[in-house]
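Summary of structural features
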Amino acid sequence: MNFALPAVVVFALLLPGFIFRSRLKRVERTSLDYSPFGTVVAEAVFYAACLHGLWLLVAAFALDLRLDLVLLLSLLAPSPAPMEAIRRLAEHPAWLEVYFATLLVAAYGLPLLWRYGVTRLRLDRWGHWMSPLARFHEAPWYYLLTGADFPPEELPDYIRVTAVVDVGKGAVLYRGTLEEWFVNPDNGQLDRIVLSAASRRPFERDKSAEDAGDEQLRFYPIDGDYFVLRYEHMLSLNVQYVRITEQDGELPSEEPASA
C-alpha cells in the first residue's frame, strides 16, 4: 500500500491538468491523439501546476487556508509516514473534497469558456496578434471550411464548394453551397461534405472564352435538398467564400470574400 499511495496522490494532482488539456484543444481527430507522450505529459503538468497554484491562492486569500507541504510530501513518501498524514487529512475531509471537486469542474469548464471566447471574438484568425497563442493548430479543416480566418466585419455570407469527383467513366464537377462537413475521428481527415443547391457537369465541358458568361447553362441541377460528397472520392476541392453586397439603386450582388 505504501508504494500504491504515492501513485494515487500523483494521479489525483495531475488529473486536472490532463482534463484541462483535453478540453482546451480543438482537434479534428477525437479517437486518437498522436501527440508525443512527452508533450502530453509536459502540457498536463503545466496546466495542473497553474490550476493548483490558482486554487491555492484563492484558498489562502479567501479562506485563510495554507498548503501543508510537509503533509503532502509525507503522502508521497514510501514509508509509514503516510499513515499519519492520512489521519490528519481525515480530520478535515470536507475541505479536501471541495478543493478537488471545484478543481475538476474548473478543469472541464474553463477550457470551454476559453474556446467560446476565442471563437466568438475570432482571436485565432490568421494575422491577429493573439493567433500564435489562441489558434487551434490541429484543426486545419475548421479554418478552411468555416471562414474562421476572416475578421468579424468581413465574414462570408456563405461558402461555395466545387469538387472534382472520379465516377469511374470520367471526372465530374460537382458544386453547391456548403451546409455541413464531417471529419474522420480516427485521423482528423475530411470525411464528407454536405451541399445544398447542388449541380454537376462533366469535367471536360470546361468554359471557353465565348461561353464564360453561360456558367448556369453548363451545369445540371441535382434534385434533392442536400447532396453528400465523400472526400475519398474527390480528386480536388475548390473553396470560395462569397459575400452579398448591396449598393444604392442596385440589386444585391455576390462577390468573392478575401481574408
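Please refer to the structure placed before this passage.
**Description of the pairing of strand 2 (residues 171–183)**
- Pairing of strand 1 (residues 158–166) with strand 2, which is carried by seven bridges, proceeds in the antiparallel orientation. Within the sheet, the bridge partner assigned to Arg160 lies in strand 2 and is Thr177.
- In textbook terms, the turn of a hairpin is the stretch between consecutive antiparallel strands, and for strand 1 and strand 2 this stretch comprises four residues, one of which, Gly168, has a positive phi near 100°.
- With ten bridges connecting them, strand 2 and strand 3 (residues 190–202) associate as antiparallel partners. Among the inter-strand pairings, Val172 is bridged to a residue of strand 3, identified as Pro202.
- Hairpin connection of strand 2 to strand 3: six residues between the antiparallel strands, including Gly188 at a positive phi of 75°.

**Thoughts on the side chain of Arg122**
- Position of Arg122 among the secondary structure elements: in the loop between helix 5 (93–121) and helix 6 (131–134).
- Notably, Arg122 is buried but unbridged: the nearest opposite-charge side chain belongs to Asp124, and the N-O separation is 6.3 Å.
- Polar side-chain contacts of Arg122 include one of 3.4 Å to the backbone oxygen of Ala148.

**Side note on the pattern of salt bridges**
- The full count for this structure, using the stated rule, is six salt bridges.
- Between Arg21 and Glu43 there is a salt bridge whose closest N-O contact spans 2.5 Å. Of the two residues, Arg21 is situated in helix 1 (residues 4–24) and Glu43 in helix 2 (residues 37–62); the sequence distance between them amounts to 22 residues.
- Residues Glu232 and Arg230 are paired through a salt bridge, measuring 3.7 Å at the closest nitrogen-oxygen approach.
- Owing to a relative accessible area of 60%, Glu232 belongs among the exposed residues under this scheme.
- Shared partners join several salt bridges into a network, and the residues in it are Asp191, Arg192, Arg230 and Glu232.

**Concerning the layout of surface pockets**
- Roughly 1,100 Å³ of internal volume is contained in the largest pocket.
- As for the largest pocket, its lining consists of 30 residues, of which Leu67, Leu89, Trp95, Leu96 and Tyr99 are closest to the centre.

**As for the packing of helix 2 against helix 5**
- Interhelical geometry of helix 2 versus helix 5 gives an angle of 130° and a closest axis separation of 11 Å. Taken together, helix 2 and helix 5 sit at an angle that is classed as oblique. Every pair of crossing elements has a handedness; the one defined by helix 2 and helix 5 is right-handed. Across the interface between the two elements, Leu51, His52, Trp55 and Leu56 of helix 2 pack against Tyr99, Phe100, Thr102, Leu103, Ala106, Ala107 and Leu110 of helix 5.

**Examining the packing of aromatic side chains**
- The full count for this structure, using the stated rule, is seven aromatic pairs.
- Residues Phe20 and Tyr47 carry aromatic rings whose centres are separated by 5.0 Å and whose planes lie at 50° to one another, so their mutual orientation is tilted. Within this pair, whereas Phe20 is found in helix 1, its partner Tyr47 is found in helix 2, the two being separated by 27 residues in sequence. A single burial state applies to Phe20 and to Tyr47, both of which are buried.
- Centroid distance Trp141 to Tyr231: 5.4 Å. Interplanar angle 75°. Geometry classified as edge-to-face.

Basis of the calculations
Residues numbered from 1 in each chain as written. Predicted model: local features only at pLDDT ≥ 70, side-chain atom pairs only at ≥ 80, totals over all residues. Heavy atoms only, no water. Pairing = 2+ DSSP bridges. Helix = DSSP H or I, 4+ residues; strand = E, 2+ residues; numbered from the N terminus. Buried < 20%, exposed > 50% of the residue type's maximum accessible area, 1.4 Å probe, protein only. Lys, Arg positive; Asp, Glu negative; His and termini not counted. Salt bridge = Lys/Arg side-chain N within 4 Å of Asp/Glu carboxyl O. Polar contact = N/O pair within 3.5 Å; in protein donor to acceptor, adjacent residues only side chain to side chain. 1 Å grid on protein atoms, 1.4 Å probe; cavity = no way out; pocket = protein on both sides within 12 Å on 5 of 7 lines; lining within 4 Å. Points joined across faces, edges and corners; volume = space filled by probe spheres on them. Axes fitted to C-alpha atoms, helices over the stretch in contact; angles between N-to-C directions. Parallel < 35°, antiparallel > 145°, perpendicular 65-115°, else oblique. Left-handed = near helix turned anticlockwise from the far one by under 90°. Contact = heavy atoms within 4.5 Å. Phe/Tyr/Trp six-rings, centres within 6.5 Å; stacked < 30°, edge-to-face > 60°.

Distances and angles like these do not, on their own, reveal function.
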